[in-house]
Amino acid sequence: MAGADIALDKAYLTAIWLETLFYGQNFVLFWACLSLLTFWRRTPKVNKLLVGIAITMFAFSTAHVSLGFQRLIEGFIVRRDRQGGPSAFFSDVSIPANVVKVGIHTVNSILGDSVVVWRCYLVWGRDWKMCVLPILLIIASAICGFAQTVYFARAKALHSAFAHNLQIWNGSLFSLSLATNVVVTILIAMRVWYMFRLGGGSRNFRYWRVLVIIIESGMIYSVALICEITLYFLGSNAFYIVYDPIAQLTVGPPVSMADIERC
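Rules and cut-offs
- Position labels on residues start from 1 in each chain and follow its written sequence.
- Only residues with pLDDT of at least 70 get local features here, since the model is predicted, and only at 80 or more are side-chain atom pairs given and counted; chain-wide, interface and lining totals rely on the full set of residues.
- Where side-chain values are given, they derive from all heavy atoms of the structure, hydrogens and water being excluded.
- A run of DSSP states H or I qualifies as a helix once it reaches four residues; a run of E qualifies as a strand once it reaches two. Both are numbered from the N-terminal end.
- Three exposure classes are used, based on accessible area relative to the maximum for each residue type with a 1.4 Å probe and protein chains only: buried under 20%, partly exposed in between, and exposed over 50%.
- Whether two residues are in contact is decided by their heavy atoms: any pair within 4.5 Å suffices.
- Residue exposure ignores everything except the shown protein chains as possible cover, and the areas themselves are Shrake-Rupley values with a 1.4 Å probe.
- Interaxial angle, 0 to 180 degrees, is taken between N-to-C directions of lines fitted to C-alpha atoms, where a helix line uses only the stretch in contact.
- Angle categories are assigned with fixed cut-offs, so that under 35 degrees is roughly parallel, over 145 is roughly antiparallel, 65 to 115 is roughly perpendicular, and the rest are oblique.
- Crossing chirality is assigned from the near helix's rotation relative to the far helix, an anticlockwise turn below a right angle marking it left-handed and a clockwise turn marking it right-handed.
- Residues are grouped as follows: Ala, Val, Leu, Ile, Met, Phe, Trp, Tyr, Cys and Pro are nonpolar; Asp, Glu, Lys and Arg are charged; every other residue, Gly included, is polar.
- Think of a 1 Å grid over the protein atoms and nothing else: a 1.4 Å probe that fits but is trapped marks a cavity, an open set flanked by protein within 12 Å on at least five of seven lines marks a pocket, and residues with an atom within 4 Å of a point count as lining.
- Grid points are joined across faces, edges and corners, and a volume is the space filled by probe spheres set on the points.
- Exposure above 30% relative accessible area and the lack of any salt bridge qualify a residue for a patch; like charges then connect within 9 Å, and the nonpolar side chains Val, Leu, Ile, Met, Phe, Trp and Tyr within 5 Å.
- Definition used for salt bridges: Asp or Glu carboxyl oxygen within 4 Å of a side-chain nitrogen of Lys or Arg.
- To define a nonpolar core, start from buried Ala, Val, Leu, Ile, Met, Phe, Trp, Tyr and Cys residues and group those joined through side-chain atoms within 4.5 Å.
- The rule is short: rings of Phe, Tyr and Trp, with Trp giving its six-membered ring, pair when the centres are within 6.5 Å, and they are stacked under 30 degrees, edge-to-face over 60, tilted in between.
- When the NZ atom of lysine or the CZ atom of arginine is within 6 Å of a ring's centre and also within 35 degrees of its normal, the charge is said to sit over that ring.

Caption draft 1: Structural detail: the overall build of the protein chain. For the protein chain, the count of helices and strands is nine helices and zero strands. The N-to-C order of helical and strand elements in the protein chain reads α-α-α-α-α-α-α-α-α. Within the protein chain, the fraction of its 263 residues that count as buried is 50%. Long-range pairs, those at least 24 residues apart, make up 80% of the contacts in the protein chain with a sequence separation of at least 6. Summed over its atoms, the accessible surface of the protein chain is roughly 12,900 Å², and 70% of this surface lies on carbon and sulfur atoms.

See the structure below:
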């Protein structure tokens, strides 16, 4: 039963603390990413699309952690003496700040997955046929994500993110995002490994570095998603400890793309 392992207010406090740590890391990586794409680029022109995506995703991640702090202050200070205390406040998923956070999380997740698919498209020599399945997965993720946001906004009588109606959309979104990352990581790794072998194995250091970057970036996000999905379907409040920090991990794809362009 949800809440049997850790109190909701403790879970949320821990989640925001962890998200803050990841945001600090993102702050450094964001500026490093911009530097790689502009001042230290190896291409004749600045990749304006990737720069725009990086700025947009960082702005959304900033808004997400800011709304988390706003909810933290409201729950533990402003409304602490109301019936049910902080736990009752955090369990209300229909509060506007929470709905906006869910929407931001969805948009950043879709943008991050799209960057990963774009990377796959480029690695496969702009062969769009290799990206059909990942694109369909992203479209399905977008549908589930925005439906999830709408259900959260209307769920004034449901004081739990684990309610059945919400679980359908939440679980689908998390699972589809995981499937997208796993499929794309495998496709890219296969292509890069083929190019690596074709280029003479260990002598082609450039492709070896690309392969390592892709596997590392894909693995970190996928492991976090697996933990998130497992805790969610177990109905554990510990799910929140993973859910909020993941909003900062979605900023990873543009950073890895910038690193790959330097290889």
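What follows continues from the structure just given.
Caption draft 2: A look at the packing of helix α5 (residues 132–154) against helix α6 (residues 164–198). Two elements in contact, α5 and α6, have axes separated by 8 Å at closest approach and are oriented at 155 degrees. Taken together, the axes of α5 and α6 are roughly antiparallel relative to one another. Along this stretch, α5 crosses α6, giving a crossing that reads as left-handed. Grouping the constituent residues of the contact of α5 with α6 by class yields 19 nonpolar, eight polar and no charged.

Caption draft 3: Inspection of empty space enclosed by the protein at higher detail. This model, assessed by the stated rule, comprises three cavities of 30 Å³ or more. In this structure, the largest cavity occupies an estimated 150 Å³ of space. If you trace the largest cavity, you find 17 residues lining it, with Asn98, Phe152, Ala161, Tyr240 and Tyr243 closest to the centre. Elements supplying a minimum of two residues to the lining of the largest cavity: α4 (96–123), α5, α6 and α8 (239–249). Sorting elements by how many residues they give to the lining of the largest cavity places α8 first, with four residues. Split by residue class, the lining of the largest cavity holds ten nonpolar, three polar and four charged. In this model, the second largest cavity occupies a volume close to 50 Å³. The wall of the second largest cavity is formed by His105, Ser109, Leu173, Phe174, Ser177, Tyr221, Leu225, Glu228 and Ile246. Those elements that provide at least two residues to the lining of the second largest cavity are α4, α6 and α7 (205–233).

Caption draft 4: Focus on a nonpolar patch on the surface. Nonpolar side chains collect at one region of the surface, where Trp128, Val132, Ile135, Leu136, Ile139 and Ile143 lie side by side and expose about 590 Å² of accessible area between them. What makes valine 132 partly exposed here is its relative accessible area of 34%.

Caption draft 5: Structural context of the environment of alanine 147. Tracing the chain through its elements places alanine 147 in helix α5. Residues alanine 147 and asparagine 170 lie 23 residues apart in sequence; the distance between their C-alpha atoms is 9.2 Å.

Caption draft 6: Seen up close, the environment of threonine 106. Structurally, threonine 106 is set in helix α4. Residue threonine 106 is classed as buried on the basis of its relative accessible area, which comes to 1%. Spatially, the C-alpha atom of threonine 106 lies 8.9 Å from that of glutamine 148, the residues being 42 residues apart in sequence. Those residues within four positions of threonine 106 in sequence are excluded, and the remaining contacts are Gly145, Phe146, Gln148, Thr149 and Leu173.

Caption draft 7: Molecular detail of the nonpolar core. If you look at the biggest cluster of nonpolar residues, it comprises 37 residues, and the most contacted ones within it are Val93, Phe152, Leu166, Phe174, Phe239, Tyr240 and Ile246. Of all elements in the fold, only α1 (8–37), α3 (85–91), α4, α5, α6, α7 and α8 reach the threshold of two or more residues within this core. Here this core gets seven residues from one element, more than from any other, and that element is α8.

Caption draft 8: Quick peek at the packing of aromatic side chains. Inspection of every chain in the model, using the stated rule, returns 19 aromatic pairs. Ring centres of phenylalanine 162 and phenylalanine 239 lie 5.9 Å apart, and the angle between their planes is 70 degrees; on these two criteria the pair is classed as edge-to-face. On the criterion of sequence distance, the pair formed by phenylalanine 162 in the loop between α5 and α6 and phenylalanine 239 in helix α8 is long-range, its members being 77 residues apart. Judged on exposure class, the residue phenylalanine 162 and its partner phenylalanine 239 are both buried. Among the aromatic residues, ring-to-ring pairing joins Phe162, Phe174, Tyr232, Phe233, Phe239, Tyr240 and Tyr243 into one connected group. Seen from the ring of tryptophan 128, lysine 129 lies directly overhead, with NZ or CZ sitting 5.9 Å from the centre.

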